[in-house]
Amino acid sequence: MLRRTYRFVLLLALMIVSAALIQTMFPGKATASAEFETVMIGDTKILIRESDEYSGEASVFAVMLAGQGHQEPDETHCAHVAEHMAFRNPTLDGVALGGWVSGLGTGGGIQMMYNGWTGPDHTQFEMTIPGEHLPEALTRLVAGLFPDAIDAAAYSAEIKTRLVPELRHMTTDPLSAPLNAFNVQFYRSTVYSEPRFDVWVGQVKPDNVLTYMKREYSSSRLIITLVGDFDKEAALNAISDAVNEVPSEPGPVVPEVRLDPPPITSFKCEKRKNAMCMLGVGVDSIDDEDLPFVSTILRIALVRLRSQPLDGFSVSESMLGFIQTAASQGLMISYEATRKIGQSEIQAQAEVLSPAAKAVFSSLANEGPAHEEVAELLAWSSEEGAEPEMPGRVPRTLFEAWWRGIREIPGQEVHFIQVPTEGMSEEELTAVLMDTASRYEGRLQFMAMTVEPGSVFSPLLAIGGALAVLAVAGFLVWRRRGARAREV
């Protein structure tokens, strides 16, 4: 939703954490200035921060724990199209949710907007509106998520005017196409490797999308975060009335995943001017108690790899960070050629990527992290939670709702987990990280991908997949939003 360039920014959600890595080893463990209240309505979790300090503005960050990884083999595109139709399908009074938000007008200076994004394990829906309209917005949101039917005219218009151009952008853009090609190869043979170009989006039928929504969407998979100046009781009553009318099953599910990427692969992107080499490292089946330490090891490794650019290449700051799903964690780093380079040299450079990465992880397993790396971790962990830096032109309520709500998504919460360092000396923490690295070193999967410019575009490899990523997904898309509700 939104412009095609914005969707690619969302696919680069992993960059959210990476930006912090450029300055320090660890992302800010920002906490909100006030606590959220948690309310359960049936099986639906509601996270609330209500205050008149927001001057009449309210935002919704809703998560449905169903995404591309929940599609059946014959449901390519259905999760993505379902996200669009939640905003575009006329439900209450024959008006679609997106049209209703746009019809609210300027809202007395409130920066109104709506947007959605489809990931591997979840689909998210965001709105910023005047707080007085929040109860109706929530009623309409649930109606959009659980429709009885999908309007044929609205569906056809969405496919032709938005989804087709959006998909073309995702598979031809010089940054988006390589990232999506990387994603499909890295997650090959798993539920996350969606073959989008085996079925053209224009061939997807509305009945298939409706079937997917009715099977995968439920109130127990719904998480709603509310931030702003609104009537809390009215908002909760609206949610209660709405979710009582929808199914509570199925419950949240984390798919079984075994990463098995090819050691080396290639991709040709006609619109790219310079060659690239991309490296991915990942691991699945992480024990819960190890997750913070595995995450920390990946952070340290990414910082080390970033400081070791290939000969004739520079690190592409826009394409490095963490690649995440509910079932796996990993990192990706990309190197862009600084000069014209032949295919054989690109291949030769790519072949050294995995050995270099393996050497980094071997060092962490056998020698442990350096003193400076552990000292910085301890300093970061001992600090009081800092308020996150809000991107420009983003409504405060929406950013705060996202910042809290994204942590509820399996696989995305990992980079908000504070490593339990309380009472640990530097020597003890070093030993724990070293032990964790040694136990997981042999389970790591490595993949290198070359990206050659100016050749015939291969759509079979440029599959638009989402990273659950990413780290933490989502707010970069808002940087360019204007002061009015954008079209989906």
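Conventions we followed
- Residues numbered from 1 in each chain as written.
- Predicted model: local features only at pLDDT ≥ 70, side-chain atom pairs only at ≥ 80, totals over all residues.
- Heavy atoms only, no water.
- Salt bridge = Lys/Arg side-chain N within 4 Å of Asp/Glu carboxyl O.
- Buried < 20%, exposed > 50% of the residue type's maximum accessible area, 1.4 Å probe, protein only.
- Core = buried A, V, L, I, M, F, W, Y, C linked by side-chain atoms within 4.5 Å.
- Helix = DSSP H or I, 4+ residues; strand = E, 2+ residues; numbered from the N terminus.
- Contact = heavy atoms within 4.5 Å.
- Phe/Tyr/Trp six-rings, centres within 6.5 Å; stacked < 30°, edge-to-face > 60°.
- Pairing = 2+ DSSP bridges.
- pLDDT = per-residue confidence, 0-100.
- Arc of directions from axis to C-beta.
- Axes fitted to C-alpha atoms, helices over the stretch in contact; angles between N-to-C directions.
- Parallel < 35°, antiparallel > 145°, perpendicular 65-115°, else oblique.
- Left-handed = near helix turned anticlockwise from the far one by under 90°.
- Nonpolar A, V, L, I, M, F, W, Y, C, P; charged D, E, K, R; others polar.

Let us look at the pattern of salt bridges. All chains considered together, the criterion is met by 20 salt bridges. Here E216 ties to R221 by a salt bridge, and the two come within 2.7 Å at their closest N and O atoms. For R221, a relative accessible area of 2% translates into the label buried. Within this structure, R49, E53, R396 and E400 form a network of salt bridges that share partners.

The next thing to look at is the nonpolar core. The biggest cluster of nonpolar side chains holds 54 residues, and the ones touching the most others in it are Y217 and L226. Take this core: its biggest share by element is seven residues, from helix 3 (residues 78-88). Residues in contact with Y217, not counting those within four places in the same chain, are M64, A66, A82, E83, T123, F125, L145, F146, Y212, P247 and E249.

Now for the packing of aromatic side chains. The final tally for this structure, using the stated rule, is 11 aromatic pairs. Seen from their ring centres, F87 and F125 are 6.0 Å apart, and the 45° between their planes marks the pair as tilted. Of the two residues, F87 sits in helix 3 while F125 sits in strand 5 (residues 123-130), which places them 38 residues apart along the sequence. A relative accessible area of 0% means that F87 is categorised as buried. Take F125: its relative accessible area is 2%, and that puts it in the buried class. Taking 6.0 Å as the distance between ring centres and 70° as the angle between the ring planes, the aromatic pair formed by Y212 and Y217 counts as edge-to-face. Note on Y212: relative accessible area 0%, which makes it buried. The exposure class of Y217 is buried, given its relative accessible area of 0%. Members of the aromatic cluster, connected to one another through ring pairs, are F182, F186, Y187 and Y192.

The buried fraction of strand 4 (residues 113-118) amounts to six of the six residues, a majority that puts the element mostly inside the structure. Side-chain alternation along strand 4 places M113, N115 and W117 on one buried face and Y114, G116 and T118 on a second face that is also buried. Here six bridges tie strand 4 to strand 5, and the two strands are oriented antiparallel to one another. Opposite M113, over in strand 5, you have T128 as the bridge partner. Taking the residues that link successive antiparallel strands as the turn, the strand 4-strand 5 hairpin has four residues.

Once that is clear, we can look at the confidence of the model for the protein chain. Averaged over all residues, the pLDDT of the protein chain is 83; the fraction at 70 or higher stands at 82%. Counted against residues more than four places away or in other chains, residues 1-33, with its pLDDT under 50, gives 147 contacts. Taken as a whole, residues 456-488 scores under 50 in pLDDT and shows 171 contacts with residues more than four places along the chain or in a different chain.

With that settled, the discussion passes to helix 11 (residues 343-351). All of the buried residues in helix 11 are I346, Q349 and A350. One side of helix 11 carries all its buried residues, which in axial view fall inside an arc of 100°. Against the buried residues of helix 11 lie strand 7 (264-269), strand 8 (276-284), strand 9 (313-315), helix 12 (353-366) and strand 12 (445-453).

Looking at the secondary structure, you find F230 in the loop between strand 6 (222-228) and helix 9 (232-243). Taking the C-alpha atoms as reference points, F230 and S55, 175 residues apart in sequence, are found 9.3 Å from one another.

Below, the discussion takes up the packing of helix 5 (residues 134-145) against helix 9. The N-to-C vectors of helix 5 and helix 9 enclose an angle of 20°; their axes lie 8 Å apart at closest approach. On the basis of their axis angle, the class for helix 5 and helix 9 is roughly parallel. Crossing handedness for the pair helix 5 and helix 9: right-handed. Where helix 5 approaches helix 9, its residues L134, P135, L138, T139 and V142 are matched on the opposing element by A234, A235, A238, I239, A242 and V243. Each residue belonging to the contact of helix 5 with helix 9 can be placed in one class, and the counts come to 10 nonpolar, one polar and no charged.

This brings us to the sheet that holds strand 5. Spatially, the six strands line up as an open sheet ordered 1-2-6-3-5-4, and their pairing is mixed. In this open sheet, the two strands that pair with only one neighbour each are strand 1 (37-41) and strand 4. Recorded for the sheet is a direction-independent mean angle of 15° between the axes of neighbouring strands. Looking at chain direction, strand 3 (residues 57-64) and strand 5 are connected through eight bridges and run antiparallel. Bridge assignment links V63 to a residue of strand 5, and that residue is Q124. Packing of helix 3 onto the sheet brings it into contact with strand 4 and strand 5, and relative to strand 4 it is tilted by some 165°.

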